[in-house]
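Okay, here's what each chain looks like letter by letter:
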Amino acid sequence: MLITIPEVLTAEQVAQARQMLDAAEWVDGRSTAGYQSVKSKDNLQLPDGSPAAREVGEMILAALSKNPLFLAAALPLRILPPMFNRYSGGQSFGTHVDNAIRQIPGTQQRIRTDLSATLFFAAPEEYDGGELRVEDTYGVKSVKLPAGHMVLYPSTSLHHVTPVTRGARVCSFFWLQSMIRDDGQRSLLFDLDLSIQRLARDLKGNLVAEQTGVQLTGVYHNLLRQWAEM
Ligand code: NI
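Before going into details, it helps to say that this report is about the structure given with it. (Residues numbered from 1 in each chain as written. Predicted model: local features only at pLDDT ≥ 70, side-chain atom pairs only at ≥ 80, totals over all residues. Heavy atoms only, no water.)

1. With respect to the packing of aromatic side chains
What counts here: Working definition: rings of Phe, Tyr and Trp (its six-membered ring) pair if their centres are within 6.5 Å, and the pair is stacked with planes under 30 degrees apart, edge-to-face with planes over 60 apart, and tilted otherwise. Helix and strand definitions here come from DSSP, where helices need a minimum of 4 consecutive H or I residues and strands a minimum of 2 consecutive E residues; each element is numbered from the N-terminal end. By definition here, charges over rings are those cases where NZ of Lys or CZ of Arg is within 6 Å of the ring centre and within 35 degrees of the ring normal.
Going through the model one piece at a time under the given rule, you end up with two aromatic pairs. Aromatic side chains Phe84 and Phe121 sit 6.2 Å apart centroid to centroid with 45° between the ring planes, which places their arrangement in the tilted category. Within this pair, whereas Phe84 is found in strand 5 (residues 83-88), its partner Phe121 is found in the loop between strand 9 (115-120) and strand 10 (128-129), the two being separated by 37 residues in sequence. An angle of 90° between the planes, with centres 5.6 Å apart, marks the rings of Phe173 and Trp175 as edge-to-face. Just above the ring of Trp175 sits the side chain of Arg102; from NZ or CZ to the centre is 4.0 Å. Against the face of Tyr127 rests Lys144, its NZ or CZ located 4.2 Å from the ring centre.

2. Some words on the nonpolar core
Under the convention used in this document: Each nonpolar core is a collection of buried residues, namely Ala, Val, Leu, Ile, Met, Phe, Trp, Tyr and Cys, held together in the definition by side-chain atoms within 4.5 Å. Type-normalised accessible area, obtained with a 1.4 Å probe on protein chains alone, sets the label of each residue: buried when under 20%, exposed when over 50%, and partly exposed for intermediate values. For this analysis, residues touch if any pair of their heavy atoms sits within 4.5 Å.
With 32 residues, the main nonpolar core has Leu9, Ile60, Phe84, Phe121, Met150 and Leu152 as its most contacted residues. At seven residues, helix 2 (residues 51-64) tops the list of elements feeding residues into this core. With sequence-adjacent residues up to four places away left out, Phe121 is seen in contact with Leu9, Val14, Ala17, Arg18, Leu21, Val56, Ile60, Phe84, Ala147, Val170, Cys171 and Ser172. Listed in part, the 14 residues of the second largest apolar core include Phe120, Tyr127, Leu132 and Val164.

3. Thoughts on the sheet that holds strand 11 (residues 132-136)
Strand pairing in a sheet relies on backbone hydrogen bonds. The paired strands run either parallel or antiparallel. Heads up, the rule is: The rule for pairing is simple: two strands pair if DSSP sees at least two bridges between them. For every element, the axis is a line fit to its C-alpha atoms; helices are fit only across the contacting stretch, and the angle between N-to-C directions ranges from 0 to 180 degrees.
Taken together, four strands build an open sheet; the order of strands is 6-14-11-12 and the sheet is antiparallel. The strands lining the two open edges of the sheet, one partner per strand, are strand 6 (93-96) and strand 12 (139-143). Within the sheet, the average angular offset between the axes of one strand and its neighbour, ignoring direction, is 15°. As judged from the two bridges shared by strand 6 and strand 14 (residues 159-161), these two strands associate in the antiparallel manner. Paired with His96 across the bridge in strand 14 is His159.

So this is what it looks like as structure tokens:
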């Protein structure tokens, strides 16, 4: 499941973050690429321990911890600290799959990457190209979102970023381990969650609908109990 989470950050937060990111020291993104992706990766990244990365990263994580759509869709268990990249002057990232296991920097803790996230910090009008193209069983999805919006997609997907031919594309990217490893199970829970919320909203005051809602909420939690890994 590929899902857009709109307005993770407000316009003010995006502007504040952009100031910090634009003033930060960027390094060649190949320094963190794996054996396979070093051949196709051409961008800039903020290095580990960059103050701007830490500060904006905390802003993102704080916003996500209060975002109901993100929490319902991702059912996050552990989130890696957000990283940042910048593409300009024709830079791109060829087709690849993200590493399955990543170590949380500065710790011995490893996480399984179930979901990949990209949060946009540049408006689509600011640059040409720079689409994130994600391949899934239904075909290729092309993603280029307004600043402050985020896309979540299964880390199992092949994906690439098309060349940025004008302006600069600035994004945060990160991974998370979900309580629900399987994308199909996670999608079912998300659909059920949305249906229960819609039922509660549309049939408020209808006794039978309310009882059905309670029963379905029970089904949701019992499925979560069966499938969740912590
Ligand atoms: Ni990737």
